[in-house]
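Survey of secondary and tertiary structure
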Amino acid sequence: VDALYAGGRFWPDPLIQINPSFRPGKPMASLVGGGALHERVPEVFSLCGQPLRLHKHQEQAIALAAQGESFVVTTGTGSGKSLCYFIPIVSAALAERATRTHPRTRAIVIYPMNALANSQLEELGKFMANVPGESVVTCARYTGQEDV
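All values reported here derive from a predicted model rather than from experimental measurement. (Residues numbered from 1 in each chain as written. Predicted model: local features only at pLDDT ≥ 70, side-chain atom pairs only at ≥ 80, totals over all residues. Heavy atoms only, no water.)

**Side note on the confidence of the model for the chain**
Summary statistics for the chain give a mean pLDDT of 87 and a share of 99% for residues scoring 70 or more. Mean pLDDT across the elements of the chain bottoms out in helix H1 (residues 2–6) (79) and peaks in helix H3 (residues 56–66) (95). (pLDDT = per-residue confidence, 0-100. Helix = DSSP H or I, 4+ residues; strand = E, 2+ residues; numbered from the N terminus.)

**As for the pattern of salt bridges**
By the definition in use, this model includes five salt bridges. Across the salt bridge formed by glutamate 96 and arginine 104, the nearest N and O atoms sit 2.9 Å from each other. Among the residues examined, arginine 104 registers a relative accessible area of 48% and is labelled partly exposed. Measuring nitrogen to oxygen at the nearest pair gives 3.8 Å for the salt bridge that ties glutamate 123 to lysine 126. Pair noted here: glutamate 123 and lysine 126 are both in helix H5 (residues 114–128), with a separation of three residues, about one helical turn. Judged by its relative accessible area of 46%, lysine 126 is partly exposed. Salt bridges sharing partners connect three or more residues here, namely Glu96, Arg104 and Arg106. (Salt bridge = Lys/Arg side-chain N within 4 Å of Asp/Glu carboxyl O. Buried < 20%, exposed > 50% of the residue type's maximum accessible area, 1.4 Å probe, protein only.)

**As for the packing of helix H4 (residues 81–97) against H5**
Orientation of H4 relative to H5, taken along the N-to-C sense of each, is 50 degrees, at an axis distance of 12 Å. Considering their axes alone, H4 and H5 lie oblique with respect to each other. For the element pair H4 and H5, the recorded crossing hand is right-handed. Where H4 abuts H5, its residues Ser82, Leu83, Tyr85, Phe86 and Val90 lie against Gln120, Leu124, Phe127 and Met128. Here the contact of H4 with H5 is composed, by residue class, of seven nonpolar, two polar and no charged. (Axes fitted to C-alpha atoms, helices over the stretch in contact; angles between N-to-C directions. Parallel < 35°, antiparallel > 145°, perpendicular 65-115°, else oblique. Left-handed = near helix turned anticlockwise from the far one by under 90°. Contact = heavy atoms within 4.5 Å. Nonpolar A, V, L, I, M, F, W, Y, C, P; charged D, E, K, R; others polar.)

**Considering the nonpolar core**
Within soluble globular proteins, side chains that are nonpolar tend to cluster in buried spots. One finds Met28, Phe45, Ile87 and Met128 to be the most contacted residues of the largest nonpolar core, which totals 24 residues. When residues of this core are traced back to their parent elements, those giving at least two are helix H2 (41–44), H4 and H5. If one sorts the elements of this core by residue count, H4 sits on top with six residues. Among all residues touching isoleucine 87, those that are not within four sequence positions of it are Met28, Leu37, Val41, Phe45, Leu54 and Ile62. (Core = buried A, V, L, I, M, F, W, Y, C linked by side-chain atoms within 4.5 Å.)

**Topic: the environment of methionine 28**
Among the structural elements, methionine 28 can be located in the loop between strand E1 (24–27) and H2. It is 26 Å that separates the C-alpha atoms of methionine 28 and leucine 116, two residues lying 88 residues apart in sequence. Excluding residues within four positions of it along the chain, methionine 28 makes contact with Leu37, Val41, Pro42, Phe45, Pro51, Leu52, Leu54 and Ile87.

Structure (structure tokens):
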């Protein structure tokens, strides 16, 4: 047993990695007007009053979504994968809001764990709070634990 422990089998050397740098994309405002994003999206998805700067994979996902294409995003932790679908969903909901006569469900996002659903709802709520007044879009969670 002592030899197994001494061999480092149970405690390998630490793994040290540098955080990756993701390729920068276009400014969000440049995607407005060409049909890719609704004009209010940069206002919603902003930080300290400045629209988020997109990564290249986010820009590409938004462009595909605007064309009605399906896409799969595989990229590193902290790279903003959720924004690849949240931004197009909010944009589509805003565009439709101007023409619809009654509210409807625009998207259903499914998560494998309640904790992830909770954290994503909280994060999306922070962006929705960037726009004063009436909610830009309505977001809700159903985990089976709510009182319905």
